[in-house]
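This is what each chain is made of:
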Amino acid sequence: MNQLKNYEVVSCIQPSGDIHIGNYFGAVKNWVALQEKYQCVYGVVDLHAMTRNSEPKALQSNTDQMVIDLLACGIDPNKSTLFVQSLIPEHTELTWILSNLTNFGEVSRQTQFKNAQKHNESTSAGFFTYPILQAADILIYKAKYVPVGDDQRQHLELCRKIAERFNTRYEVDYFDLPEAMYTNSSRIMSLADPSQKMSKTKGEKHFIRLFEEAETIRKKVNAAVTDSGDTPEGEMSKGVSNLFTILGACGKGDEVISLTNDFYTNQLKYTQLKEAVSEALVELTTGLRTRRSEIQSDVSLINDTIREMSEKARKTARNTVYEVKKHVGIKSISHF
Ligand code: TRP
């Protein structure tokens, strides 16, 4: 029997093109830190990205790019397992099994789906059942903790329900219920509309790429919204507070303290704050860009690494699906 790794932490990210500082400070940086304390498995979930109707070439290159970006950010294959979802067909196999333990109503109530309906977007059955695939991503590794953002809370709740129902339905104590891990990651807001979470969908001026060039970083930070009419006198506007969050997330705690002090004594010039934020971001991204180009220089190495790493994760996935099928009463092609 293979030596199977016991994972404690699982999380996944969609290969949706350029990663931005919101993804980094909100998730990836935390993933890197967790490697020091836990056995972690992280996935680039290209099957999830299919629900956005992605163009094949873009899907493929975004997936490779995301792996490279995660490695550049410090995900270390010697410490954690990093996989590409489509290299592990057991994810979809488990999804089918779990679909039969999921109520139609439960999936219909997922906010992401309801929002799409509200906006009259045409939705595929894949988009509808996507949370079940997510539950499979989690349960297949039997990890206890799932570091996710607040927007994924409902999906994780559904995953727990499905796991519980599996145990009840098959009268086994098979799945432990995974728990969301909300850590000290920072929620970064859009620069142009600081009432909304940073995202790429609203356009260039709303986000900063993690690997962005210095010049455009400075431009975007300088253009960031700082005043909003509804901020009470003496309080920090959402935009200003977002700039402070970014500065803190870059590890510039001392500057945050002294500039916050300037703010409350009415001595802070926003240009000064923006300058500090730009410098901190340029410092961060310059280092990351260098790491990324080193990794990127060897494409064949990347392809081999992706396969090797995914194969490692697949061992665990295969074992889980084998055991699950036995409980369910369906056949496995082979015992391994
Ligand atoms: N749905 C998540 C997102 O859009 C990504 C995701 C897929 C995920 N599978 C997962 C997150 C498993 C945590 C665990 O961000």
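Parameters at a glance
Residues numbered from 1 in each chain as written. Predicted model: local features only at pLDDT ≥ 70, side-chain atom pairs only at ≥ 80, totals over all residues. Heavy atoms only, no water. Near = heavy atom within 4 Å. Polar contact = N/O pair within 3.5 Å; in protein donor to acceptor, adjacent residues only side chain to side chain. Areas by Shrake-Rupley, 256 points an atom, 1.4 Å probe, with all protein chains shown as cover. Helix = DSSP H or I, 4+ residues; strand = E, 2+ residues; numbered from the N terminus. Contact = heavy atoms within 4.5 Å. Buried < 20%, exposed > 50% of the residue type's maximum accessible area, 1.4 Å probe, protein only. Pairing = 2+ DSSP bridges. Right-handed = clockwise from strand over helix to strand, strands pointing away. Core = buried A, V, L, I, M, F, W, Y, C linked by side-chain atoms within 4.5 Å. Phe/Tyr/Trp six-rings, centres within 6.5 Å; stacked < 30°, edge-to-face > 60°. Lys NZ or Arg CZ within 6 Å of the ring centre and 35° of its normal.

A. Main features of the site of the ligand. Close to the ligand lie Ser11, Cys12, Gln14, Val45, His48, Tyr130, Gln134, Asp137, Ile138, Val146, Val148 and Gln152. Contact between the ligand and tyrosine 130: a nitrogen atom at 2.6 Å from a side-chain N or O atom of the residue. Between a nitrogen atom of the ligand and a side-chain N or O atom of aspartate 137, the distance comes to 2.7 Å. A total of 370 Å² of accessible area belongs to the ligand in isolation, and the protein chains cover 88% of it.

B. Spotlight on the environment of glutamine 85. As for its position among the elements, glutamine 85 is in the loop between β3 (81-84) and α4 (90-99). With 18 residues separating them along the chain, glutamine 85 and valine 67 place their C-alpha atoms 11 Å apart. If we skip the residues at most four places from it in the chain, glutamine 85 touches Val44, Val45, Asp46, Leu47, His48, His91, Leu133 and Asp137. Within polar-contact distance, the side chain of glutamine 85 engages the backbone nitrogen of aspartate 46 at 3.5 Å. Within the structure, the side chain of glutamine 85 is placed 3.4 Å from the backbone nitrogen of histidine 48, a separation counted as a polar contact.

C. Region of the structure containing the pairing of strand β1 (residues 9-13). Most of β1 is tucked away: 4 of the 5 residues are buried. Bridging between β1 and strand β2 (residues 40-44) involves 5 bridges; their strand directions are parallel. Bridged to isoleucine 13 within β2 is valine 44. With helix α1 (residues 21-34) bridging β1 and its parallel neighbour β2, the resulting β-α-β unit is right-handed.

D. Molecular detail of the nonpolar core. Counting 56 residues, the largest nonpolar core has Ile21, Leu70, Leu273 and Leu281 as its most contacted members. Ignoring any residue separated from it by four or fewer positions in sequence, one finds leucine 273 in contact with Val240, Leu243, Phe244, Leu247, Leu259 and Leu268. If you look at the next biggest cluster of nonpolar residues, it comprises 37 residues, including Leu94, Ile97, Phe128 and Val321.

E. Region of the structure containing the packing of aromatic side chains. Within the structure shown, the criterion is met by 13 aromatic pairs. Consider the rings of phenylalanine 104 and phenylalanine 128, whose centres lie 5.2 Å apart with planes at 50°: the pair is tilted. Of this pair, phenylalanine 104 sits in helix α5 (residues 104-108) while phenylalanine 128 sits in helix α7 (residues 125-139), placing them 24 residues apart in sequence. Pairing phenylalanine 263 with tyrosine 264 gives two aromatic rings, centres 5.0 Å apart and planes at 90°, and the pair type is edge-to-face. Of the residues examined, phenylalanine 263 reaches a relative accessible area of 10% and is grouped as buried. Taking relative accessible area as the criterion, tyrosine 264 reaches 53% and is therefore assigned exposed. Through successive ring pairs, a cluster of aromatic residues spans Phe166, Tyr170, Tyr174 and Phe175. Positioned above the aromatic ring of tyrosine 145 is the side chain of lysine 144, whose terminal nitrogen or guanidinium carbon lies 6.0 Å from the ring centre. Above the ring of phenylalanine 207, the side-chain terminus of lysine 220 is found at 4.8 Å from the ring centroid.

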